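Structure assessment
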Amino acid sequence: MRRKNREIKDRGEIDTILHRGTVMRIALAEDNLPFLVPVFYCYDGQALYFHSAPAGTKIEMLKRNNRVCFEVSIEQGVIEDEKACDFEARHKTVIGLGQANFVTLEKEKIAALDGIVARFTDQHFTYPQANLDRTAVIRIDIESMKGKQYGFA
């Protein structure tokens, strides 16, 4: 990291950002073609989970190349300056690399869906079998991640 004074080294702080964020961006690549997609997610302290329709660009790309880059930010606004080029974003961000794997065990799939839903509501749901069958759940096994922040004391 170029600006070491902005690096978040504390794993607890990185985990807090991943627990507080609501949208994760996933970068995929294939044949020199980048693809970026925002998803709702949950984090269990070791892996990230998101859900998807079982077909589409993201799913087809993941089947051919399961290596991903992910990003979660907690954005807090803009820090203005007298010079246009010196404006800064106040943020806490985690960027990482991992491998995306399709979840096949129903128990893990339901736990991931429950985790995603719990980020937005206290309601509890059951998932009809037909819905489970047509929902893909993907687990990102994290290989590395870094945190960065700016604008916080």
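Summarised in this report is the structure supplied together with it. It should be emphasised that the depicted structure is a prediction, and the values quoted were computed from it without experimental measurement.

Rules used in this analysis
- Residues numbered from 1 in each chain as written.
- Predicted model: local features only at pLDDT ≥ 70, side-chain atom pairs only at ≥ 80, totals over all residues.
- Heavy atoms only, no water.
- Core = buried A, V, L, I, M, F, W, Y, C linked by side-chain atoms within 4.5 Å.
- Buried < 20%, exposed > 50% of the residue type's maximum accessible area, 1.4 Å probe, protein only.
- Helix = DSSP H or I, 4+ residues; strand = E, 2+ residues; numbered from the N terminus.
- Contact = heavy atoms within 4.5 Å.
- Phe/Tyr/Trp six-rings, centres within 6.5 Å; stacked < 30°, edge-to-face > 60°.
- Lys NZ or Arg CZ within 6 Å of the ring centre and 35° of its normal.

With that out of the way, let us pick up the nonpolar core. Counting residues in each nonpolar core, the largest one holds 26 residues, and the members touching the most others are Leu 18, Met 24, Ile 26, Leu 48, Phe 50 and Ile 140. For this core, the secondary-structure elements that each account for two or more residues are α1 (11-20), β2 (23-30), β3 (33-43), β4 (47-52), α2 (57-64), β5 (67-79), β6 (88-102) and β7 (136-150). When near neighbours in sequence (up to four residues on either side) are disregarded, Phe 50 contacts Met 24, Ile 26, Val 39, Phe 40, Tyr 41, Lys 58, Leu 62, Ile 116, Ala 136, Val 137, Ile 138 and Ile 140. Among the nonpolar cores identified, the runner-up in size contains nine residues, and Ala 112, Leu 113, Ile 116 and Val 137 belong to it.

Counted by the stated rule, this structure contains one aromatic pair. Note that Arg 119 overlies the ring of Tyr 41, its terminal NZ or CZ placed 4.4 Å from the centroid.

Once that is clear, we can look at the environment of Glu 88. Relative to the elements of secondary structure, Glu 88 occurs in strand β6. Taking the C-alpha atoms as reference points, Glu 88 and Gly 77, separated by eleven residues in sequence, lie 8.8 Å from one another.

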